Amino acid sequence: MKALDALKAAPPEVRAAALAVLDQVSAPLTERQLASAFRAHSIGLLDAKRLARALRKLDIIAVARRGP
């Protein structure tokens, strides 16, 4: 069963809870959250702020490091 089919077949309270979680994790990152993500991966404070400001108009929901 695919995820969407499972969601459609779920009881209303389960479906509502799942949709609430999806809504929370798919919200765009704020400028501060972006800067924090960059800082967590060894990007300097000033560069992190500059990158975050440059990206603030994009609806970014995740920032992930490539590779190991």
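Report on the accompanying structure. Remember, predicted model here, so these are calculated numbers, not experimental data.

**Some remarks on unusual backbone geometry**
Unusually for a residue other than glycine, Ser 42 sits at a positive phi of about 65°. Of note, Ser 42 is situated in the loop between α3 (31–39) and α4 (45–55). Residue classification places Ser 42 among the exposed positions, given a relative accessible area of 70%.

**So, the layout of surface pockets**
Estimates place the volume of the largest pocket at around 170 Å³. Taken together, Glu 31, Arg 32, Ala 35, Ser 36, Arg 39, Leu 45, Leu 46, Lys 49, Arg 50, Ala 52 and Arg 53 form the lining of the largest pocket. At the level of elements, α3 and α4 are the ones that each hand at least two residues to the lining of the largest pocket. Considering each element in turn, the lining of the largest pocket owes the most residues, 6 residues, to α4. Its residues assigned to classes, the lining of the largest pocket shows 4 nonpolar, 1 polar and 6 charged.

**Some points on the pattern of salt bridges**
Applying the stated criterion to the full structure yields 2 salt bridges. We note a salt bridge from Glu 31 to Arg 53, for which the minimum N-O separation is 3.5 Å. Remark: Arg 53 occurs in helix α4 and Glu 31 occurs in helix α3; sequence separation between them is 22 residues. On the basis of relative accessible area, Glu 31 is assigned to the partly exposed category, the value being 28%. Across the salt bridge formed by Arg 56 and Glu 31, the nearest N and O atoms sit 3.9 Å from each other. Of this pair, Arg 56 sits in the segment after α4 while Glu 31 sits in helix α3, and the two are 25 residues apart along the sequence. The structure contains a network of salt bridges with shared partners spanning Glu 31, Arg 53 and Arg 56.

Reading the values: rules and limits
Residues numbered from 1 in each chain as written. Predicted model: local features only at pLDDT ≥ 70, side-chain atom pairs only at ≥ 80, totals over all residues. Heavy atoms only, no water. Helix = DSSP H or I, 4+ residues; strand = E, 2+ residues; numbered from the N terminus. Buried < 20%, exposed > 50% of the residue type's maximum accessible area, 1.4 Å probe, protein only. 1 Å grid on protein atoms, 1.4 Å probe; cavity = no way out; pocket = protein on both sides within 12 Å on 5 of 7 lines; lining within 4 Å. Points joined across faces, edges and corners; volume = space filled by probe spheres on them. Nonpolar A, V, L, I, M, F, W, Y, C, P; charged D, E, K, R; others polar. Salt bridge = Lys/Arg side-chain N within 4 Å of Asp/Glu carboxyl O.

So, to be careful, I would describe these as geometric facts and stop short of saying anything about function.
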